[in-house]
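Architecture at a glance
Each chain is listed here by its residues.
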Amino acid sequence: MWINPLKSIILMLFPTSHLSKKRELNMSKIMDGKKVSKDIKKWIIQRTKELKDSTGVVPGLASILVGNDPASEIYVRNKRRACERCGMLSEEYNLPEETSEEELLSLIERLNLNEKIHGILVQLPLPIHMNPEKVIRKVSPDKDVDGFHPENTGKLFQENPSAISCTPYGIEKLLDYYGIEIFGKHVVVVGKSNIVGKPAAALMLNRDATVTIAHIETENLQAITTMADILIVAIGDPQFIKKEMIKEGAVVVDVGINRSESGKIVGDIDFEDVKGKASYITPVPGGVGPMTITMLLWNTLEAAETFALGK
Ligand code: GUN
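The following paragraphs examine the structure supplied in this document. Here the residue numbers are simple positions, counted from 1 along each chain's written sequence. Whole-chain, interface and lining totals are the exception, using all residues; otherwise, since this is a predicted model, local features are given only for residues with pLDDT of at least 70 and side-chain atom pairs are given and counted only at 80 or more. Water and hydrogen atoms were dropped before computing side-chain values, which therefore reflect all heavy atoms in the structure.

**Overview of the overall build of the protein**
Labels follow the DSSP assignment, with helices taken as runs of H or I lasting at least four residues and strands as runs of E lasting at least two, numbered in each case from the N terminus. Helix and strand counts for the protein stand at eleven helices and eleven strands. Just to be clear, the radius of gyration here is over C-alpha atoms, and the globule rule we use is 2.2 Å times residues to the power 0.38. Taken over the C-alpha trace, the protein has a radius of gyration of 19 Å; the compact-globule value for 311 residues is 19 Å, and the two agree within 12%. Projecting the C-alpha coordinates of the protein onto the three principal axes gives extents of approximately 55 × 45 × 35 Å. Sorting the 311 residues of the protein into buried and exposed places 50% on the buried side. Contacts spanning at least 24 positions in sequence make up 73% of the contacts within the protein whose residues lie at least 6 apart. Of the roughly 14,900 Å² of accessible surface on the protein, a fraction of 53% belongs to carbon and sulfur atoms. As used throughout, the charge tally considers Lys and Arg to be positive and Asp and Glu to be negative, leaving His and the chain termini uncounted. Note that the charge is assigned to NZ on lysines, CZ on arginines, CG on aspartates and CD on glutamates. Within the protein, the 41 negative side-chain charges are centred at a point lying 7 Å from the centre of the 38 positive side-chain charges. Burial status follows relative accessibility: with a 1.4 Å probe on protein chains alone, a residue under 20% of its type maximum counts as buried, one over 50% as exposed, and anything between as partly exposed. Every residue pair with non-hydrogen atoms within 4.5 Å of one another is taken to be in contact. The Shrake-Rupley method, run with a 1.4 Å probe sphere, supplies the accessible areas, and residue values consider only the shown protein chains as cover.

The following block contains the structure:
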């Protein structure tokens, strides 16, 4: 079994008082991504400072945004701010929609060679005239803090990960924080994207869960989701998962960030409907989202440490 080095740090950092022994009747425990992120960020700030003091290296993240998709602008801005708050260097490249693929590739090439930059993030989705696979492959695997490069996804599937994509990594840390057993449990992942569904499944498999990947084309989805001890949903369909679709006492993790018809931000899980039946649940916002950003910082710090110390 692959032992995640971060797990021992998490166990060392966090007290066990949050582990509930018994679920109160009809009450789901909220997995508070904001709080957990805050705790992990304290650790990141400390390690960032230690790295700077001992080697002079300041972890640097370059974020590239092509076009002006409003949601992507917010994500990139939040990533930059989080980076700066942790004492890291952050460079943001906002390129116009009509930027050619060649121009983007040559910017990535320059950043690959820039010694002040240890992590490169190309915000997805890209404009349709660009080939995302080609762009992702251009990022040096050593600076691929998103964990999207095929070399890094391949290593994850071979239980020898280096950079792990941030959302699945954040989910794993949330589950660990709340003392939720993964070993031997049935994890059902709904969604098969390269960014979340597939790496989440690999990560859970590496922790010796039994994993089923389902998606929106799965026949009789409810028969599958109701088998889950841990249900991870990443389909981008507002409030799709209702209480009939989960098992009593299941742990439910909501990756979706959608806008409801009334303009409210909601997940893929109908929180109000499910919350009495699940043992643990992530809210939206404030669940998986903050963890994604935090694990991006974590990956950037690790990339900088590898650069500085050759770890
Ligand atoms: N678009 C949506 N999620 C992500 C992410 O985690 N990383 C990048 N680069 N783009 C995204």
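**Digging into the site of the ligand**
We call a residue near a given molecule or strand whenever any one of its heavy atoms falls within 4 Å of it. In the region of the ligand, the neighbouring residues are Lys79, Leu121, Val122, Gln123, Leu124, Asp146 and Phe148. Under this definition, polar contacts are N or O atom pairs within 3.5 Å; protein pairs additionally need one hydrogen-donor-capable and one acceptor-capable atom, and for neighbouring residues in sequence, both atoms have to be side-chain atoms. Within the backbone of Leu124, an N or O atom sits 2.9 Å from a nitrogen atom of the ligand. Contact with the protein chains removes 82% of the 280 Å² of surface that the ligand exposes when unbound. Definitions used for this entry: grid spacing 1 Å over protein atoms alone; cavity, a set of points where a 1.4 Å probe fits but cannot get out; pocket, an open set with protein on both sides within 12 Å along at least 5 of 7 lines; lining residue, one with an atom within 4 Å of a point. Here the criterion for a molecule occupying a pocket or cavity is that more than half of its atoms lie within 2 Å of the pocket grid points. With respect to the detected pockets, the ligand is housed in the largest pocket.

**Thoughts on a nonpolar patch on the surface**
Together, Tyr75, Ile257 and Ile265 make up a nonpolar patch on the protein surface, roughly 230 Å² of accessible area in all. One can find Ile257 in the loop between strand E8 (251-254) and strand E9 (258-259). Residue Ile257 is classed as partly exposed on the basis of its relative accessible area of 44%. Distance thresholds for patches are 9 Å for like charges and 5 Å for nonpolar side chains (Val, Leu, Ile, Met, Phe, Trp, Tyr), applied to residues having over 30% relative accessible area and no salt bridge. Salt bridge, as applied in this entry: a Lys or Arg side-chain nitrogen positioned within 4 Å of an Asp or Glu carboxyl oxygen.

**What about the packing of aromatic side chains?**
The criterion for an aromatic pair is that two Phe, Tyr or Trp rings (for Trp, the six-membered ring) have centres within 6.5 Å, with stacked assigned to planes under 30 degrees apart, edge-to-face to planes over 60 apart and tilted to the rest. Going through the model one piece at a time under the given rule, you end up with two aromatic pairs. Ring centres of Tyr177 and Tyr178 lie 4.9 Å apart, and the angle between their planes is 70°; on these two criteria the pair is classed as edge-to-face. Note on Tyr178: relative accessible area 4%, which makes it buried. Geometrically, the ring pair formed by Tyr178 and Tyr280 is tilted, given 6.2 Å between the ring centres and 55° between the ring planes. In this pair, Tyr178 is assigned in the loop between helix H7 (166-177) and strand E5 (186-190) and Tyr280 in strand E11 (residues 280-281), connecting sequence segments 102 residues apart. On the basis of relative accessible area, Tyr280 is assigned to the buried category, the value being 10%.

**Concerning the pattern of salt bridges**
Applying the stated criterion across every chain, the model contains 17 salt bridges. Among the ionic pairs, Lys134 bridges to Glu101, the shortest N-O distance being 3.2 Å. Residue Lys134 is located in helix H5 (residues 132-138), and its partner Glu101 is located in helix H4 (residues 101-113); the two are separated by 33 residues in the primary sequence. A relative accessible area of 41% places Lys134 in the partly exposed class.

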